[in-house]
Amino acid sequence: MPILEHIRERAAAQPQHIVLPEGNDPRTIVAASLCVRQRLARITILGNEDTIRETAERERVDLSGIGLLEHRHAADFEKMASLFHELRRAKGLMSDEARSMLADPLYYGDLMVRLGKADGSVAGATNTTSHTVRAALHCIGVRPGFTLVSSFFLMVLRDNSFGQNGALIFADCGVVIEPTAAELAEIAISSADSCRALLGAEPRVAMLSFSTKGSAKHRLADKVVEATKTAKVRAPELQIDGELQVDAALVPALAEKKAPGSVLGGRANVLIFPDLQSGNIAYKLAERLAGATAIGPVLQGLDKPANDLSRGCKAEDIVDAVAITAVQAQARKATR
């Protein structure tokens, strides 16, 4: 797909250092080799070196140019454990607990990212989403001025008249189940940043509901109206409108009738759903009925990038996640 090719090109133009904590998984090792061969990123795999080399030989994978790190035996392990203890001590974490938690490669890898020893992490091939997100929150934390981590799917449609040449951001479809109005505003702002980073386009954000501009009166629509107002105050430069039904967000002719004067004019490229139920249903409907390709979920709102994988992923999916994480890292550095 052109959008993925573009993301890979951008990743390769300024390679970032990405850590892959799941060195016990063959897909991770194959993906690491593909990333290095395509020069998408500098890669470090965490895990037992003998096991990694045995797996690489079995999978006929070349490990040249890939860093291998047995983190529990690393020279800086005790120092990292002490730093993690200091980071979490206010939450009641004891030093022995910090050391035990850091033995988990997800925690060690994400702490590498926090400390600038890596630019991003990708995990989830063998770990649950909840564990992957928790490790990122504990070690990396949320961006200054933000309160939560959310997610989005990059949706690529067959009809390129929608969104940004057929690409749209759908959020949140994977993490925040029932956001408040304030949280929904934050998801919108994070998703706008993700649009700039991955699509290289100015975001046009639609706050979706079953109502358009007061066509229905209900507290659920009111929440979207309040979220839109909050987002406008927090990010006054943002092209955002709501509450909007999805057809008024995507079809210019209907936008003229349902939301005349809307800043979006029916050309949204970021769709913000009122809750996880609607977002999750929508992206799967777009996949199954419209033949769209869903890339993600991609995490957003962290201070530095860390991304989650499906446990059913293929090596190629990990490569895509590495490229996306690398581009996120480039964008984050550019705003610091």
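Going by the structure above, here's the rest.
Residues numbered from 1 in each chain as written. Predicted model: local features only at pLDDT ≥ 70, side-chain atom pairs only at ≥ 80, totals over all residues. Heavy atoms only, no water.

Colleague: What exactly am I supposed to notice about the sheet that holds strand S10 (residues 293-300) here?
Modeller: Sheet strands line up and pair through hydrogen bonds in the backbone, either parallel or antiparallel. Read across the open sheet, the six strands follow the order S8-S7-S9-S6-S5-S10; overall the sheet is mixed. Either end of the sheet is taken by a strand with one partner, and the two such strands are strand S8 (239-244) and S10. Ignoring strand direction, the axes of neighbouring strands in this sheet form an average angle of 20°. The sheet contact formed by strand S7 (residues 204-208) and strand S9 (residues 270-272) spans three bridges and is parallel. Within the sheet, the bridge partner assigned to Ala206 lies in S9 and is Leu271. Contacting strand S5 (150-156), strand S6 (167-171) and S10, helix H12 (residues 276-290) runs over the sheet at an angle of about 20° to S5. (Pairing = 2+ DSSP bridges. Helix = DSSP H or I, 4+ residues; strand = E, 2+ residues; numbered from the N terminus. Axes fitted to C-alpha atoms, helices over the stretch in contact; angles between N-to-C directions. Contact = heavy atoms within 4.5 Å.)

Colleague: Quick question: what am I supposed to make of the nonpolar core here?
Modeller: Most often, soluble globular proteins keep nonpolar side chains buried together rather than apart. The biggest cluster of nonpolar side chains holds 40 residues, and the ones touching the most others in it are Ile7, Leu154, Leu199, Val205, Met207 and Ile272. By residue number, the principal contributor to this core is helix H8 (residues 181-199), which donates 10 residues. Beyond its immediate stretch of four places on either side in the chain, Met207 contacts Leu184, Ala188, Val224, Ala227, Thr228, Ile240, Asp241, Gly242, Glu243, Leu244 and Ile272. Grouped together as the second largest cluster of nonpolar side chains are 27 residues, Leu46, Met80, Ala98 and Val133 included. (Core = buried A, V, L, I, M, F, W, Y, C linked by side-chain atoms within 4.5 Å. Buried < 20%, exposed > 50% of the residue type's maximum accessible area, 1.4 Å probe, protein only.)

Colleague: I keep staring at unusual backbone geometry and nothing clicks. Help me out?
Modeller: Residues other than glycine predominantly adopt negative phi, and peptide bonds predominantly adopt the trans conformation. Residue Glu243 is reached from Gly242 by a cis peptide bond, and omega for that bond is 5°. Relative to the helices and strands, Glu243 is located in strand S8. The backbone phi angle of Arg39 is positive, close to 60°, even though this residue is not glycine. For Arg39, the position within the fold is in the loop between helix H2 (26-37) and strand S2 (41-46). For Arg39, a relative accessible area of 66% translates into the label exposed. Located in the positive-phi region is Asn165, a residue other than glycine, with phi close to 55°.

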